[in-house]
Amino acid sequence: MTKVTMTVNGKAVSGDVEGRTLLSSFLREDQGLTGTHVGCDTSQCGACVVHVDGAAVKACTMLAAEADGAEVNTIEGQANADGSLNVIQQAFQDHHGLQCGFCTPGMVMSAAALLKDNPKPSEQEVRDYLEGNICRCTGYHNIVKAIMAASGQDVPAMAAE
Amino acid sequence: MPKDTGIGASTVRREDVRFLTGTGEYTDDIVLAKQTYAVFARSTVAHGTIKSIDTSAAEAMPGVLAVFTGEDFVEVGGNPAGWLINSRDGEPMKEPKRPVLAHGKVRHVGDAYAAVIAETIEQARDAVEAIEADIDELPAVVDMNDALSGSNFVHDEIETNQCFDWGWIEDNREATDNAIKNAHHVTTLELVNNRLVPNAMEPRASIGSYKASTGEYTLHTTSQNPHLTRLLISAFVLGIPENMLTVIAPDVGGGFGSKIYHYGEEALVLAAAKKLGRPVKWTADRTESFLTDAHGRDHVTKIELALDAEGNFLAFRTDTKANVGAYLSNFSTATPTFLHGTLMAGNYTVPLVYVNVKAVFTNTAPVDAYRGAGRPEATYSLERVIDKAARELGMDPIELRRKNFIKPDQYPYASAAGLEYDAGNYDALMDKMEEVADVAGFEARRQASEAKGLLRGFGVNAYIEACGIAPSNLVGVLGSRVGLYDAATVRVNATGNLSVMVGAHSHGQGHETAFPQVVAEMLGIDPAVIDIVHGDTSKIPFGMGTYGSRSLAVCGSAVVRATEKIINKAKKIAGHMLEASEHDITLSDGVFSVDGTDKSVTFGEVALKAYIPHEYPLEDIEPGLEETAFYDPANFTYPSGAYACEVEVDPDTGKVRVDRMTAVDDFGNVINPMIVTGQVHGGLAQGIGQALVENTSYDENGQLLSASYMDYTMPRADDMPMFAVDHSQGTLCTHNPLGVKGCGEAGAIGSPPTVVNAVIDALQSGGRNVTHIDMPVTPARVWDAMQNAK
Amino acid sequence: MYNFDVEKPGTIAEAAAAMGADEAQALGGGQTLIPTLKQRLASPSTLVSLRGVAEMQGITRDGDSLRIGGATTHAAVAADGSYPALSALAAHIGDPAVRNRGTIGGSLANNDPAACYPAAALASGATIVTNTREIAADDYFQGMFETALDEGEIITAVRFPIPQAAHYEKFVQPASRFALVGVFVAKFADGVRVAVTGASNEGVHRWAEAEAALSADFSAGAIDGLSVSADNLIADLHGSAAYRAHLVKVMTGRAVSAAS
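Scoring rules and cut-offs
- Residues numbered from 1 in each chain as written.
- Chains lettered and ligands numbered in written order.
- Predicted model: local features only at pLDDT ≥ 70, side-chain atom pairs only at ≥ 80, totals over all residues.
- Heavy atoms only, no water.
- Buried < 20%, exposed > 50% of the residue type's maximum accessible area, 1.4 Å probe, protein only.
- Helix = DSSP H or I, 4+ residues; strand = E, 2+ residues; numbered from the N terminus.
- Contact = heavy atoms within 4.5 Å.
- Buried area = accessible area lost by both parts, 1.4 Å probe.
- Salt bridge = Lys/Arg side-chain N within 4 Å of Asp/Glu carboxyl O.
- Domains from an automatic or database assignment.
- Polar contact = N/O pair within 3.5 Å; in protein donor to acceptor, adjacent residues only side chain to side chain.
- Axes fitted to C-alpha atoms, helices over the stretch in contact; angles between N-to-C directions.
- Left-handed = near helix turned anticlockwise from the far one by under 90°.
- Nonpolar A, V, L, I, M, F, W, Y, C, P; charged D, E, K, R; others polar.
- Parallel < 35°, antiparallel > 145°, perpendicular 65-115°, else oblique.
- Core = buried A, V, L, I, M, F, W, Y, C linked by side-chain atoms within 4.5 Å.
- Phe/Tyr/Trp six-rings, centres within 6.5 Å; stacked < 30°, edge-to-face > 60°.

1. Looking at helix α6 (residues 226–237) of chain B
Residues and elements named next belong to chain B. With 9 of 12 residues buried, α6 is to be regarded as a mostly interior element. Taken residue by residue, α6 has P226, H227, L228, T229, R230, L232, I233, S234 and V237 as its buried positions. Looking at the packing, one finds that the buried side of α6 touches β10 (216–221), β11 (245–248) and α7 (264–276). G239 occupies a position one or two residues after α6 and carries a positive phi of about 70°.

What follows is the structure in C-alpha cells.
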C-alpha cells in the first residue's frame, strides 16, 4: 500500500492504495464519490470520465497512484456553489439529455471539457467529441442539443418537435 | 399553447437533479456494513461435462469466506420460463431445469459453475482462479439447423434441441398454403433478425443480505420488476416466503428487457448472505454482461407474401427458427410466439396469416425479450417483404402499403393474426410522415448526393405493435403463468402531500415526473407535492414491473383508478364537512364545492380531516385517505407508426450513413411529450444500431467473438443524425382510462426495416441489383453484396 | 488485476533502472495496458510509469524534423500542428479522454496491428529513439505486437522527417475505433512511402507497388492499375481479407488526394 494525496473537487484528500487501485475505485470506494460510474472494462463507455489537472480522462483506465498530487474534478463538484445545477447540468435537464442517468456523469464531464477548449462547437464537433461516451437511452439527440444549448448557441432546429 | 403542468405538459424531469449531480444511487453504489464480495467461476467452453470441481485450494486462499458450486443448489428449484407454449401437435414445450449454478454440464461460455465469497473483490478473483474444475469439453451446438438435425443435445434429458414447434394460427395453415399456391404473385424473402446484446450501460449487480434474528432477506438488485423477481425467487427457486424477502431495485441504469429476468446471481448472493450472516455483493463487469445477460432477437426466417394482380395482400406465411440459447429465460418462450406471431398481419387487411416458429436450444447465452420483443422481428419480416414485393411489382412502396391498410372506419378490427385492434389511422400517419420527411424533396437530395459520388436511398415502413401487456385472462389462455395487471396505491398524507406507490419501475422512463402529472391533473393540485415511490417490494403494493411499453397503459391506469377512489372518498368527507350530499360535490382545481353554492373546502382541508377525524362520521367513513387499485387491461394497446429513412451509401467502401430519420407515431394520448420524444429517440438509435452496426457473433465453438466494446459496436453520437419525431396523429386507446398506448419500444420496432429498405433503395437506384442484405448492414456486407451483384 | 508496484521515475536513467526489476513493465498512458491487466492477461511485478519523465515529454522542431518525446500524449501531438498529417492522425486516435492519457511511445511499443501511429512512423521513415539506441522504422516493426525493442528498453523519443505532403486515411473498425484499414502516404523529395495498418496479419507494412507508382506520379489515379492481394490479410467479423484488400487501395487513393 502506498499513500496518495490529491485534491478532489477542491478538497485535499489522501488514502492508502495498492498499485492496482484504479482512480475510479479510489473515488468510488475510498472517497464515497459514487457519481463516477464504471460501465465497461475496455476504456470505451466513458461513464467514468473525470478531469485530472483539467483534462478529461477515463478514471477506470488510470491508476490512483498516477493521480498522486493531481487536481481531480468529478461530477459531484460540478454544481454551482449554491448547489444549483451549473449551465451544462441545467441544459441537460432542460433538453432531456438523460434518461437512466448512468452515462450522464461522464457525458457532463466530457461536455465540460469540450466547452472549455471549444466554447462554440458545431453539432458535428459535439458528436465527434462524444466518441468515447456511450449512451444507450437517448440516441444522443438530446445530449447534443443540451451541449449546444449550454454553449449558448441555438439548438439545431428539429422538425415537428 | 403547451401546458406547463399536468397531462400534456413537457415537464422537465425531477429525477434528473440527482443523476446530474452524481447523487443517484445505483446498486453498486450501495455499501452495506460488513459486505463481502462474490465472484463467479464461469465456463470458458460452450459445452462440457463437469467431471469434478475441487474448491479446497480456493477455500484456503486469503480472505475467502465460502465457495459454492452447483452441488449446493441441487435441492432448490430452477429458474422457470414464465410462459408455457404448446407445439402444433399439442405437446407442451421442453422445459429443462435452469439451476442457480451449472450442475452436471456447462452449456454456454459464461455459464457459472461456482462462486467465491471473499472479504475483497480481488481476493475473490484470486480464489476463482484457484478452483480446479475438470470440465470435459463437448462439441458445441451453435447453428440452429445443426441443432435441429443433430444428436448432440444441449440438454441430454430432453433428447432434442427443439423446445417447441408452434403454429399460429394453426387452423389457417391449409388456407394460407392454398392462397400462396394459387396467388398471382408471391414474394419470398429469407432473412436473419440479428442477435443483439441489450447493453444497458449499468452492468447487472446484486447485494443479498440476511437478518438472522428475524429471518428476513433483502435483495438489492438491478431489476425492472422487483415484485416479479421476488415471486420467482420465492415461489420457484429458493422458496423464501414472500413476506420474508424484500427486493429493492434502486436507481437502475437502463434495462431494455435484460433486467426483467431473474438471474442465478441473485439467488446466489441471497443464499450466501444467509450462510455467512453478512451481505454479499456481486457486480458484473462488461464482459460478464456480454456473456450472461439475456440477448435479444436471433431469428432466422423465411417469409412469403401472396398478392393478387392489383397488389392486394392475400396471405403472409412465415417459417422461423428462434434461438433460445442454452436455457429458457423467463419470457423467452413468449417472445418469438405470442409477441411475434400475433403481429404478423401488420397494419393490413390481409385475410390469412400463418406463422411457424421452432424454438431451438443452442450452446449460447439465453435469448429473451429485448426492446420490442417479438414485434421488431414481426415488423422487420413484414416490412422487408412488402418492400421487396413493391419492387417486384413495380409499385410505389408507400402506395402498396396504403392500398392494404386497415381504414379508420374498420375498427375494432379483428386481424388475421388473432388480435383485435381498437383504434388507429395509418393513412394519417403516412400523410404526416410524407410531410415531415419531405418526401417531395427526396429527388433533389438524391441528386446532390450523386454529385458527391454517393448513393442516396429512401426507405419507408409502417408498423403496428401490441403494448400494455396484458389482459390476464387472455394471456392465461395463451400459456402465461402470471397475470399481467399492475397496481398502485395513492396515499394522501395529513398535510396534503401525496405518496404514490407504483408497481412500474422507472429506469430511465421518467415515471417520477410523468405519474405525478396524471395525479395532479385529476386532483387539480400542484404535481410538486406528489412523490412517486417505486422499486421496493416493502413499500409498494404489488407490481408486474416495466417492460412491453406497459408502465403508463397498465400501471398508469391503476394510478387513475386509485386516484378515482381517493376522489370518491374525499367527496364523501367534503360532503360531510360541507353538510351536503357527496353527489352534489364537484372537484375542480383542488377545491371541493357544493354545486350551486359558494360552499367549498380545499383538497388539503379534506386530507387533514381524514387524518384528524374530529366531528367525523366514523360510522360511514373510515379515517385516512389511502387507496389501492389493481388494474388488469381489457386488451393490448396498439401503437402504430410510419417511419422514413434516408441513407447515403459510399459505393467505394460500402459505408452507410443515416442522413435523415423520421418517426411519426400514434401513441394515443401523450402525458409528457418531452419524455415520449426522448423514448422514441432512444428506440431509433437501438433500431439503427441493429440495422447497421450491432453484431453478436459466436464462432463454431460457441465462443462469443463480440464480447466487449472492442468488437460489439455500440451506436455512438457520430453515427446518429438528428431525428424528426412527431406524435400529433394520435388516436385514443379505447379501453384504458387515459387513452394511452405506450411509446418505449416503437423506435426500435419501426426503424430497422426502414433503414434496410433505404439501403436497398440506394443500391438499386445506383444500378446495383441488390435485393437484400442481412443486418447489421455493415460496410463489408454492403461491399460484398455489390460485388455479388456485378 | 493482479497486484503490482508502481514506480514513478523522474529521469530516463531512473526509468531504465526501474525496468531492470524482474517482470517490470513500462506504463505509458495505460490505455491498452490497463484494460489488458484488468483481464488478468499479464502479471507484471512493477509498472514503471513514464509520464513523470520530463525528458520524454514534448515536441521540438528542428528544421524538417520533428522530435516527439516518448511520453507525449496523443492530445499534445494533435495540438502541435508542425506535421499536419501526423497531428490529424493523433486527433483521431481513440477518443478525447484516451488521447489525454495515451502516449506515442506506448502505442509504438505495443505495435497493435490496427493502431494508427505505426503507419505514420513507417510511412514517414521515422527513427525510434530508445534509452540505448536509435532504430529506423523499417527495422523497428517486426509483425503483430512484435518490435525490435529489447527487454526493458524504453522508447524515449520518436524523430519524424516532415514530408513535402502527407495524409493518413483511416477506415474505422466501428466498435474499437481502431483502423480496419489505415493508410499513411508521405511524399518526400526522394520518393513516396506508403504504410498500411489494420489490414495484415503481419502488422503494419509498406506497400511497395504503390510507392513506386506514386513516386512516379503522385496522384490518386497512379494506383488505378494496382491490385492488393488478400493473402495474409486479416479476416474477422468486421470484414474479409478481400474487403480489407479493397480498402487498402481505396484508402490509399483517398490519402493521396487529400495529401497536403
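There is more to say, and it comes next.
2. Section: the interface of chain C and chain A
In this complex, chain C contributes 28 residues to the contact, which on the side of chain A involves 24 residues. In total, about 2,100 Å² of surface goes out of reach between chain C and chain A, with carbon and sulfur atoms giving 55% of it. Among the residues of chain C in contact with chain A, K38, P96 and R101 of chain C are the three that bury the most area, contributing 24% of the side total. Our count for the contact surface shared by chain C and chain A stands at 4 salt bridges.

3. Side note on the domain arrangement of chain A
Residue and element names in this part refer to chain A. Segmentation of chain A into domains returns domain 1 (2–75) and domain 2 (87–150). Facing 17 residues of domain 1, the contacting portion of domain 2 comprises 16 residues. Taken together, both faces of the contact between domain 1 and domain 2 bury some 1,100 Å²; the carbon and sulfur share is 64%. When the buried surface of domain 1 facing domain 2 is broken down by residue, H37, H51 and I75 rank first, second and third, together holding 40% of it. If you look at where domain 1 meets domain 2, you find 0 salt bridges. Counting the contacts that link domain 1 with domain 2 gives 7 residue pairs in polar contact (both at pLDDT 80 or more). Of all the elements in the fold, those that place two or more residues in the side of domain 1 that touches domain 2 are β3 (49–52) and β4 (55–58).

4. A short note on the packing of helix α14 (residues 511–523) of chain B against helix α15 (residues 551–577) of chain B
When two helices pack together, their arrangement is captured by the angle between the axes and the distance separating the axes. Residue and element names in this part refer to chain B. Where α14 contacts α15, the two axes come as close as 10 Å, and the packing angle between them is 35°. When the axes of α14 and α15 are compared, the crossing they make is right-handed. Where α14 abuts α15, its residues H511, F515, V518, V519, M522 and L523 lie against S551, L552, C555, G556, V559, V560, T563, E564 and I567. Of the residues that constitute the contact of α14 with α15, the class distribution is 10 nonpolar, 4 polar and 1 charged.

5. Here's the deal with the packing of helix α19 (residues 779–788) of chain B against helix α10 (residues 241–258) of chain C
Taken N-terminus to C-terminus, the directions of α19 of chain B and α10 of chain C make an angle of 90°; their axes are 10 Å apart at the nearest point. Viewed along their axes, α19 of chain B and α10 of chain C adopt a mutual orientation that is roughly perpendicular. On the side of α19 of chain B, the interface is formed by P779, A780 and W783 of chain B, while α10 of chain C contributes A242, Y243 and H246 of chain C. Partitioned by chemical class, the residues of the contact of α19 of chain B with α10 of chain C number 5 nonpolar, 1 polar and no charged.

6. Some details on the pattern of salt bridges
Residue and element names in this part refer to chain B. Across all of its chains, the model carries 72 salt bridges over all chains by this definition. A salt bridge links E265 to R42; its shortest N-O distance comes to 2.9 Å. Here R42 lies in strand β1 (residues 36–42) and E265 lies in helix α7, a separation of 223 residues in the sequence. On the basis of relative accessibility, which here comes to 13%, the residue R42 falls in the buried class. Here E648 makes a salt bridge to K452, at a shortest N to O gap of 3.3 Å.

7. Some details on the nonpolar core
Within the largest apolar cluster, 234 residues are counted, with the highest numbers of intra-cluster contacts made by F92 of chain A together with F316, Y421 and M433 of chain B. Counting residues in each nonpolar core, the second largest holds 46 residues, with F515, V519, A562 and Y616 of chain B among its members.

8. As for the interface of chain B and chain A
Contacts between the two partners involve 55 residues from chain B and, on the opposite side, 50 residues from chain A. Summed over both partners, the interface of chain B with chain A comes to about 4,400 Å²; 58% of that surface belongs to carbon and sulfur atoms. Contact with chain A buries area across many residues of chain B, yet L20, M201 and M722 of chain B alone supply 19% of it, more than any other trio. On the surface where chain B and chain A come into contact, there are 4 salt bridges.

9. Quick notes on the packing of aromatic side chains
Aromatic ring pairs are described here by two measures, namely the spacing of the ring centres and the angle between the planes. In total, this model carries 30 aromatic pairs over all chains according to the counting rule given. On the numbers, 5.3 Å between centres and 85° between planes, the contact of F102 of chain A with Y26 of chain B is edge-to-face. Highlighted residues: F102 of chain A in the loop between α2 (87–94) and α3 (104–117) and Y26 of chain B in the loop between α1 (16–20) and β1, drawn from two different chains. For the pair formed by F102 of chain A and Y26 of chain B, the shared burial category is buried.

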